[in-house]
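Listed below are the residues making up each chain.
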Amino acid sequence: MEEIPKEIKVVLDTYFEYFDLKLPNLIDSFYLYGSITLGAFKNGFSDIDFIAVVNRKVSDADVKILREIHKDVQRKFPNSILDGWYILNEDIQSLNEEGKLCIRFNDGKFQGLNKFEKNSIDTFQLKKYGITVKGLKIENVDILVNWDTLLSNMRDNLNSYWLSWVNDCKKFPTVKYLSLFVSLRSIEWGILGVSRLYYTFKEKDITSKVGAGEYVLEAVPKRWHKIIKESMRLRTDHKKSYYKSIYKRRKDAIDYMEFLIQECNELIR
C-alpha cells in the first residue's frame, strides 16, 4: 500500500479491522479509484472511492452490519468519507452492457442497490488507474470498457444532468440559483465538472478536478481564466477570491458552463 497516502491508510486499516470483527472473510478483493489514484486526493474534500469484491451474496443482516461499519469509520474519521460499491466476485468478472445491481454507499450513506455500469468512466478509471489494496490485482480482472458506449453515456449525461444543472442555476428562487452566489463548492462542482467532461472528450482519458482546471486554462480563451481559477481555490488553497462581485462571479460561472457544454457537443458530433 505504498501508493496510498498515510492518512488514507489509517482509515482503511480501521475499516478492515471492523470487517475482521464483524464480517470476517467477506471481502476477497479491494480496490481504490478516484482522486487517490490520480494523485489529487485532498483530505477533507476528497472521498475515498473504492470497489469491494465480495465472495457471497450479501444478506439483509449483512447490510445492517455494513451500515454499522461505515458509521463507525465515519465517526472515527469525520473528514474521510468512504464512497464505494460492494460487488459479487462473479459479477465484476462478467459485467454486461446493462450493468449489475450492487450495494452502494455514497456520501457516507447506504444508497441501496444501484447499477454498476460496465461502460462508465468509473469502470474505465478503475481498470486503468485502480490501486489493488487486497486480493486479485486489478490488471487481472476481466473488464473491457467499450469507449464508444462510454462516450455516448457521457454525452447523455452532459445534455441531461449538466444542462439541467446549469438551467436550474438560472431559475429564481431555486437552491442552485442562490448557492451559486454564496457557495464556492457549487462553483467548483459546476466549473470543474464540465471541464472534466471536456478533457475526457478531447483526450479519451480521465483526470482530476484540478487536472481538468489546469487543462482548460491552456485550451479555452483567456476571458474564462478568472472563473476557472476561482473554481480551483478549494483544491489549491488559494484563500483570496479572484472576484470583487459575487454577481459577476455567478454570471461568469453560468456563461462559462454554457460555453463549455456547447464546446463539448461540438467535439462529439
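About the thresholds
Residues numbered from 1 in each chain as written. Predicted model: local features only at pLDDT ≥ 70, side-chain atom pairs only at ≥ 80, totals over all residues. Heavy atoms only, no water. Helix = DSSP H or I, 4+ residues; strand = E, 2+ residues; numbered from the N terminus. Buried < 20%, exposed > 50% of the residue type's maximum accessible area, 1.4 Å probe, protein only. Contact = heavy atoms within 4.5 Å. Areas by Shrake-Rupley, 256 points an atom, 1.4 Å probe, with all protein chains shown as cover. Lys, Arg positive; Asp, Glu negative; His and termini not counted. Charge placed at Lys NZ, Arg CZ, Asp CG, Glu CD. Pairing = 2+ DSSP bridges. Core = buried A, V, L, I, M, F, W, Y, C linked by side-chain atoms within 4.5 Å. Phe/Tyr/Trp six-rings, centres within 6.5 Å; stacked < 30°, edge-to-face > 60°.

The subject of this paragraph is the overall build of the protein. In terms of regular secondary structure, the protein is built from eleven helices and six strands. Its C-alpha atoms give the protein principal-axis dimensions of roughly 55 × 40 × 35 Å. By the burial criterion, 50% of the 269 residues in the protein qualify as buried. For the protein, long-range pairs separated by at least 24 residues make up 63% of all intrachain contacts whose partners lie at least 6 apart in sequence. Element-wise, carbon and sulfur atoms account for 49% of the exposed surface of the protein, whose accessible area totals about 13700 Å². When the 43 positive and 38 negative side-chain charges of the protein are each reduced to one mean point, those points stand 7 Å apart.

The subject of this paragraph is the pairing of strand β4 (residues 100-106). With three bridges connecting them, strand β3 (residues 82-88) and β4 associate as antiparallel partners. When the bridges of β4 are listed, Tyr-86 appears paired with Ile-103. In this antiparallel pair of consecutive strands, β4 and strand β5 (residues 109-116), the connection spans two residues, and Asp-107 shows a positive phi of 55 degrees.

With that out of the way, let us pick up helix α8 (residues 209-219). Here α8 lies mainly inside the structure; eight of its eleven residues are buried. For α8, every residue scored as buried is listed here: Lys-209, Val-210, Gly-211, Ala-212, Gly-213, Tyr-215, Val-216 and Leu-217. Considering only its buried residues, α8 is in contact with α7 (184-203), α9 (225-231), α10 (233-236) and α11 (246-267).

What follows concerns the pairing of strand β2 (residues 48-54). Taking burial as the measure, the seven residues of β2 include seven buried ones, the bulk of the element. The alternating pattern of β2 places Ile-48, Phe-50, Ala-52 and Val-54 and Asp-49, Ile-51 and Val-53 on opposite faces, both of which are buried. When strand β1 (residues 27-33) meets β2, the two strands line up antiparallel, connected through six bridges. For Leu-32, the partnering residue across the bridge sits in β2 and is Phe-50.

In this section: the nonpolar core. Formed by 40 residues in total, the largest nonpolar core has its most connected members in Ile-191, Ile-228, Tyr-256 and Met-257. Of all elements in the fold, only α5 (147-170), α7, α8, α9 and α11 reach the threshold of two or more residues within this core. Residue contacts for Ile-191: discarding those within four places in its chain leaves Ile-227, Ile-228, Ser-231, Ala-253, Tyr-256 and Met-257. Among the nonpolar cores identified, the runner-up in size contains 31 residues, and Ile-4, Leu-32, Val-54 and Ile-69 belong to it.

Taken as a whole and assessed by the stated rule, the structure comprises 19 aromatic pairs. Where Tyr-199 meets Tyr-215, the ring centres are 4.8 Å apart and the plane angle is 85 degrees; that geometry is what we call edge-to-face. Of this pair, Tyr-199 sits in helix α7 while Tyr-215 sits in helix α8, and the two are 16 residues apart along the sequence. By relative accessible area, which is 15% here, Tyr-199 ends up buried. An angle of 25 degrees between the planes, with centres 5.2 Å apart, marks the rings of Trp-224 and Phe-259 as stacked. Taken together, the positions of Trp-224 in the loop between α8 and α9 and Phe-259 in helix α11 put the pair 35 residues apart, joining distant regions of the chain.

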